[in-house]
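Coordinate inspection notes
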Amino acid sequence: MGDPLKMVPLEGKVSWTFNWKSELPALPPGIRYFPQLWNNTADRVARWDADARAAITRGDNVLLSFNEPQLDMCRYKQGCMDVTLAVTEFKKHLTKFKTEGLNVTLVAPSITSNRTGSAQDAVYAGSGIDYLKDFVRLCGTECKFDAVAVNYYGLDVDALALFVKTAHEVSGGKPVWVTEWSYPPQGYDPMANLVQVKKFIKDAVTFMEESPIVAAYCHWWVVSATKEINPGTKVYELNEIGQAYVEA
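Notes on the structure follow.

Procedures and definitions
- In this numbering scheme, every chain counts its residues from 1 along its sequence in written order.
- The predicted origin of the model limits local features to residues at a pLDDT of at least 70 and limits the giving and counting of side-chain atom pairs to 80 or more, whereas totals for whole chains, interfaces and linings rest on all residues.
- Computation of side-chain values: all heavy atoms of the structure, hydrogens and water removed.
- Helix and strand definitions here come from DSSP, where helices need a minimum of 4 consecutive H or I residues and strands a minimum of 2 consecutive E residues; each element is numbered from the N-terminal end.
- Whether a residue is buried, partly exposed or exposed follows from its accessible area with a 1.4 Å probe, protein chains only, as a fraction of its type maximum: under 20%, in between, or over 50%, in that order.
- Here, Shrake-Rupley sampling with a 1.4 Å probe gives the accessible areas, and only protein chains in the shown set may cover a residue.
- Cysteine sulfur atoms that come within 2.5 Å of each other are treated as a disulfide pair.
- Here, strands pair whenever DSSP counts at least two bridges between them.
- Two residues qualify as a contact provided that any one of their heavy atoms is within 4.5 Å of a heavy atom in the partner residue.
- Fitting a line to C-alpha atoms yields each axis, with helices limited to the stretch in contact; the angle taken between N-to-C directions then spans 0 to 180 degrees.
- Oblique is the label for any angle not covered by the other classes, which are roughly parallel (under 35 degrees), roughly antiparallel (over 145) and roughly perpendicular (65 to 115).
- By the definition used in this description, the sense in which the near helix is turned from the far one sets the handedness, with an anticlockwise turn below a right angle giving left-handed and a clockwise turn giving right-handed.
- When residue character is reported, Ala, Val, Leu, Ile, Met, Phe, Trp, Tyr, Cys and Pro are called nonpolar, Asp, Glu, Lys and Arg charged, and the others, Gly included, polar.
- Only Phe, Tyr and Trp rings take part, Trp by its six-membered ring, and two of them pair if their centres are within 6.5 Å. Stacked means planes under 30 degrees apart, edge-to-face means over 60, and tilted covers everything else.
- Each polar contact in these results corresponds to two N or O atoms within 3.5 Å; when the atoms are within protein, one needs to be able to donate a hydrogen and the other to accept it, and residues that are neighboring in sequence are counted only if both atoms are side-chain atoms.

For the chain, the helix and strand inventory stands at eight helices and nine strands. A burial count over the chain gives 52% of its 248 residues as buried. Carbon and sulfur atoms provide 54% of the accessible area of the chain, an area that totals close to 11,100 Å².

Structure, rendered in structure tokens:
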């Protein structure tokens, strides 16, 4: 999500967000915040239970779990958990809310295609899809997750669609949350490629809005969608990318 102040221009235009954390940030009215247990480090686990229960109480009853934990993402300093550990920690820190009978949606770890963003790489051997397959297999019926999550970076809507479809299928037909999606995060200048970026945003939003298997989606990082009106004021407005998103 990024700086909550940068959410202000999106008030009334987005319905939910998350921030790789569990604690509730200051947000404009009407935007729900779903907590995430990003990984199982002691500092995150220490506050997770209280933050998750607070979210459930206020009606933000969707709990997101580990971010891009597959081991080939460790070099990017993501969640970095082998799948056996992820299953154990999921059951320990998320499944318990179901066991208690609480009205909550549990979302499996967010996987990423993490390569070129092309269709042929979206589900390559060793990708997040393989991680999800193992997570589903090792969970059996014990994790009680309700949905799966994917993160997609690229400019190919067909690849995004394939990634979503494959995650849906390997999870046994669970709804898919697209918890992050955007143009390539490294080595790509979106402002220098606005025509391409705007088309991708429009096509991606159309796909996700119309897809019966996409439960929710969240564009990555609000800083890419806003600009400071005057330097140092901390007052923001939508930039061309943000405008394309809300108009898609």
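The subject of this paragraph is the state of the cysteines. This structure, assessed with the given rule, holds one disulfide. Disulfide pairing places Cys-139 opposite Cys-143 at an S-S distance of 2.0 Å. Taking the torsion about the S-S bond as the criterion, the Cys-139 to Cys-143 disulfide, at about -80 degrees, is left-handed.

Our focus in this paragraph is the sheet that holds strand 6 (residues 176-182). Whether parallel or antiparallel, the strands of a sheet pair through hydrogen bonds between backbone atoms. Strand order in the open sheet made by the five strands is 3-4-5-6-7, with parallel pairing throughout. Strands at the two margins of the open sheet, each flanked by one partner only, are strand 3 (62-63) and strand 7 (214-219). Across the sheet, helix 7 (residues 194-210) is in contact with strand 5 (147-153), strand 6 and strand 7; its angle to strand 6 comes to roughly 175 degrees.

Another point: the packing of helix 2 (residues 83-93) against helix 5 (residues 128-139). Their axes nearest at 9 Å, the elements helix 2 and helix 5 cross at an angle of 50 degrees. The angle between the axes of helix 2 and helix 5 places the two elements in the oblique class. The handedness of the crossing between helix 2 and helix 5 is right-handed. Residues Val-83, Thr-84, Ala-86, Val-87 and Phe-90 of helix 2 form the contact with helix 5, whose participating residues are Tyr-131, Asp-134, Phe-135, Leu-138 and Cys-139. In the contact of helix 2 with helix 5, the residues fall into eight nonpolar, one polar and one charged.

Turning our eyes to something else, we now look at the packing of aromatic side chains. The geometry of an aromatic ring pair is captured by two quantities: the separation of the ring centres and the angle between the planes. This structure, assessed with the given rule, holds twelve aromatic pairs. A centroid spacing of 6.0 Å and a plane angle of 45 degrees characterise the contact between Trp-181 and Tyr-245, whose relative ring orientation is tilted. With a gap of 64 residues between them, Trp-181 in strand 6 and Tyr-245 in helix 8 (residues 240-247) connect regions that are remote in the sequence. In this pair, the class of Trp-181 matches that of Tyr-245, namely buried. Members of the aromatic cluster, each reached through a chain of ring pairs, are Tyr-152, Trp-181, Phe-200, Tyr-217 and Tyr-245.

In this section: helix 2. Within the span of helix 2, buried status applies to Val-83, Ala-86, Val-87, Glu-89, Phe-90 and His-93. Among the structural elements, helix 1 (42-58), helix 3 (95-99), strand 4 (105-112) and helix 5 are those in contact with the buried residues of helix 2. Regarding helix 2, its N-cap is Asp-82, as a side-chain oxygen of that residue lies 3.0 Å from the backbone nitrogen of Thr-84 further along.

Taken by themselves, the reported measurements are silent on function.
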